[in-house]
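Letter by letter, the chains look like this.
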Amino acid sequence: QAQLVESGGGLVQAGGSLRLTCAASRHMFSRYTMGWFRQAPGKEREFVAGITSSGGSTYYGDSVMGRFTISRDNAKNTVYLQVNSLKSEDTAVYYCAAGAPWAPATITVPRVWRYWGQGTQVTVSS
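Residues numbered from 1 in each chain as written. Predicted model: local features only at pLDDT ≥ 70, side-chain atom pairs only at ≥ 80, totals over all residues. Heavy atoms only, no water.

S.K.: Requested: an account of the sheet that holds strand 8 (residues 78-83), with residues and values cited.
M.R.: Ordered by their spatial adjacency, 4 strands build an open sheet running 1-3-8-7, and the pairing between neighbours is antiparallel. The open sheet terminates on both sides in strands that have one partner only, identified here as strand 1 (4-7) and strand 7 (68-73). Between one strand axis and the next, the sheet turns through 15° on average, direction left out of account. Note: strand 1 against strand 3 (residues 18-24), 4 bridges, orientation antiparallel. The partner of L4 across the bridge, within strand 3, is A24. (Pairing = 2+ DSSP bridges. Helix = DSSP H or I, 4+ residues; strand = E, 2+ residues; numbered from the N terminus. Axes fitted to C-alpha atoms, helices over the stretch in contact; angles between N-to-C directions.)

Rendered as structure tokens:
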């Protein structure tokens, strides 16, 4: 059973930064596309960023482009999301996901992802 465990969330002031971390099961990590989604109360789950298994390509949601950066360290079975210039509208539970076929047209859709973490809360105060 693949496992994804997120950490690094918290309360931060607007304009601040955080680095979210997702630790993955060793047996699956290096083979899979990885991604981050977020979900605010009362809203649908929103694609944030994705990265190929090698780390050679990335893709971002429009609302985070230029502020968030996804990266991965396959030696540590970890994917990161650096979130900068935070805004109040970035407040959400952030989820790590794994296992989607790499295609920018479809990786924004939650149902194409095979594995999910439990999420980490990010709260931005204005």
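What follows continues from the structure just given.
S.K.: Can you lay out the state of the cysteines for me, pointing to particular residues and giving the numbers?
M.R.: The full count for this structure, using the stated rule, is 1 disulfide. Between the sulfur of C22 and that of C96 lies a disulfide, 2.1 Å long from S to S. On the sign convention where negative means left-handed, the S-S torsion of about -80° between C22 and C96 marks this disulfide as left-handed. Linking C22 in strand 3 with C96 in strand 9 (residues 92-98), this pair joins segments that are 74 residues apart in sequence. (Disulfide = S-S within 2.5 Å.)

S.K.: Run through unusual backbone geometry, naming residues and quoting values.
M.R.: Despite not being glycine, N77 shows a phi value in the positive range, around 55°. Mapped onto the secondary structure, N77 falls in the loop between strand 7 and strand 8. Not every positive phi belongs to a glycine, and S85 is a case in point at roughly 50°. Position of S85 among the secondary structure elements: in the loop between strand 8 and strand 9. With relative accessibility at 40%, the residue S85 sits in the partly exposed group. (Buried < 20%, exposed > 50% of the residue type's maximum accessible area, 1.4 Å probe, protein only.)

S.K.: With reference to specific residues and values, describe the nonpolar core.
M.R.: The nonpolar side chains of a soluble globular protein tend to be buried, and buried together. L4, M28, M34, W36, V79, L81 and Y94 are the most contacted members of the largest nonpolar core, which has 31 residues in total. Counting residues per element, the ones that place at least two in this core are strand 3, strand 4 (34-39), strand 5 (46-51), strand 7, strand 8, strand 9 and strand 11 (120-125). When residues no more than four places from it in sequence are discounted, the contact partners of M28 are A2, L4, A98 and Y115. Core analysis: the next-biggest nonpolar cluster, separate from the first, contains 6 residues, F37, F47, A97 and W113 among them. (Core = buried A, V, L, I, M, F, W, Y, C linked by side-chain atoms within 4.5 Å. Contact = heavy atoms within 4.5 Å.)

S.K.: Before we move on, can you summarise the pairing of strand 5 with the specific residues and values?
M.R.: Within strand 5, 5 of the 6 residues are buried, which leaves it mostly tucked inside the rest of the structure. Bridge count between strand 4 and strand 5: 5 bridges; the pairing is antiparallel. Bridge pairing in strand 5 places G35 opposite G50. The antiparallel pairing of strand 4 with strand 5 creates a hairpin that spans 6 residues between the two strands, and G42 there sits at a positive phi of about 80°. Sheet topology note: the strand 5/strand 6 (residues 58-60) ladder contains 3 bridges and is antiparallel. Residue G50 lies in a different strand from strand 6, and its bridge partner there is Y59. What sits between strand 5 and strand 6 in their antiparallel hairpin is a turn of 6 residues, with G55 showing a positive phi close to 85°.

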